[in-house]
Amino acid sequence: MSPEVSRRLLSGGVSLDGKEERLVILFSDVRNFTSISENFPPAVLIKNLNRYLTEMVKIVYKYGGEVDKFIGDGILAYFGLEENNDNFIKNALSASLEM
């Protein structure tokens, strides 16, 4: 969980009743990952996958996004939850292009 989400939770700034938000959801994964993974020993595959995911998370955070979860080689992230940010659509697009 990011420092921003932690701050909002700890400050009581989150309602458990839910609310509507305008967000961008970004899902990315490695093209042909299954085929690629068949050519590497598990230790090498995990090392490379961890290195890749680390770099992708840095990019998501760089543009103000939040990582929701990892799904194998995939990343589910969202943009627009941060306060006072009207550029979240542009930021999500910039992050996806850099990724």
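Before reading further, recall that the structure is shown in the block above.
No experiment lies behind these values; they were computed from the predicted model shown. (Residues numbered from 1 in each chain as written. Predicted model: local features only at pLDDT ≥ 70, side-chain atom pairs only at ≥ 80, totals over all residues. Heavy atoms only, no water.)

Q: Would you mind going over unusual backbone geometry with me for this structure?
A: Note on backbone geometry: most residues besides glycine have negative phi, and most peptide bonds are trans. Phi is positive for Asn 32, close to 60 degrees, though the residue is something other than glycine. Within the fold, Asn 32 resides in the loop between strand S1 (24-28) and helix H2 (33-37). (Helix = DSSP H or I, 4+ residues; strand = E, 2+ residues; numbered from the N terminus.)

Q: Please clarify how the nonpolar core should be interpreted in this entry.
A: Nonpolar side chains in soluble globular proteins tend to end up buried together. One finds Ile 75 and Phe 79 to be the most contacted residues of the largest nonpolar core, which totals 15 residues. If you tally residues by element for this core, the top one is helix H3 (residues 42-62), at 6 residues. Ignoring any residue separated from it by four or fewer positions in sequence, one finds Ile 75 in contact with Leu 26, Phe 27, Ser 28, Leu 53, Met 56, Val 67, Lys 69, Phe 70 and Met 99. (Core = buried A, V, L, I, M, F, W, Y, C linked by side-chain atoms within 4.5 Å. Buried < 20%, exposed > 50% of the residue type's maximum accessible area, 1.4 Å probe, protein only. Contact = heavy atoms within 4.5 Å.)

Q: Would you mind going over the pattern of salt bridges with me for this structure?
A: If the charged atoms of two oppositely charged side chains come close together, the side chains can form a pair. A full pass over the atoms with the stated rule returns 3 salt bridges. When the shortest N-O distance is used, the salt bridge between Glu 55 and Lys 58 registers 3.3 Å. Note that Glu 55 and Lys 58 are positioned in helix H3 at a spacing of 3 residues, about one turn of the helix. Between Glu 98 and Lys 62 there is a salt bridge; the shortest N-O distance is 3.2 Å. (Salt bridge = Lys/Arg side-chain N within 4 Å of Asp/Glu carboxyl O.)

Q: Looking at this structure, I do not really get H3. What am I missing?
A: Residues spaced three or four apart along an α-helix face the same direction, because each turn holds 3.6 residues. The terminal C-alpha atoms of H3, which comprises 21 residues, lie 30 Å apart, in line with the 30 Å expected from a rise of 1.5 Å per residue. Turning to H3, its buried residues are Leu 45, Leu 49, Leu 53, Met 56, Val 57, Ile 59 and Val 60. The arc enclosing the buried residues of H3, seen along the axis, measures out at 155 degrees, which places them on a common side. Turned more than 90 degrees off the buried face of H3, the exposed positions are Ala 43, Lys 47, Arg 51 and Lys 62. (Expected span 1.5 Å × (residues − 1). Arc of directions from axis to C-beta.)

Q: Sorry, what's going on with the side chain of Asn 91 here?
A: Mapped onto the elements of the fold, Asn 91 is located in helix H4 (residues 88-98). When its relative accessible area of 17% is taken as the criterion, Asn 91 is described as buried.

Q: Is there a simple way to think about H4 in this case?
A: Those residues of H4 not exposed but buried are Phe 88, Asn 91, Ala 92 and Ala 95. Taken down its axis, H4 places every buried residue within 100 degrees of arc, on the same side. Of the exposed residues in H4, those oriented more than 90 degrees away from the buried face are Lys 90, Leu 93 and Leu 97. Along its buried surface, H4 packs onto S1, H3 and strand S3 (74-79).

Q: When you look at the sheet that holds S3 in this model, what are you seeing that I'm missing?
A: Two pairing modes exist for strands in a sheet, parallel and antiparallel, and in both the strands are linked by backbone hydrogen bonds. In spatial order, the strands read S1-S3-S2; together these 3 strands make up an open sheet with antiparallel pairing. Each end of this open sheet is capped by a strand with a single partner; those strands are S1 and strand S2 (66-71). Across the sheet, the mean angle from the axis of one strand to that of its neighbour is 20 degrees, orientation sign disregarded. Sheet analysis places S2 next to S3, joined by 5 bridges and oriented antiparallel. Residue Phe 70 lies in a different strand from S3, and its bridge partner there is Ile 75. Of the strands in this sheet, S1 and S3 are in contact with H4, which crosses S1 at around 10 degrees. (Pairing = 2+ DSSP bridges. Axes fitted to C-alpha atoms, helices over the stretch in contact; angles between N-to-C directions.)

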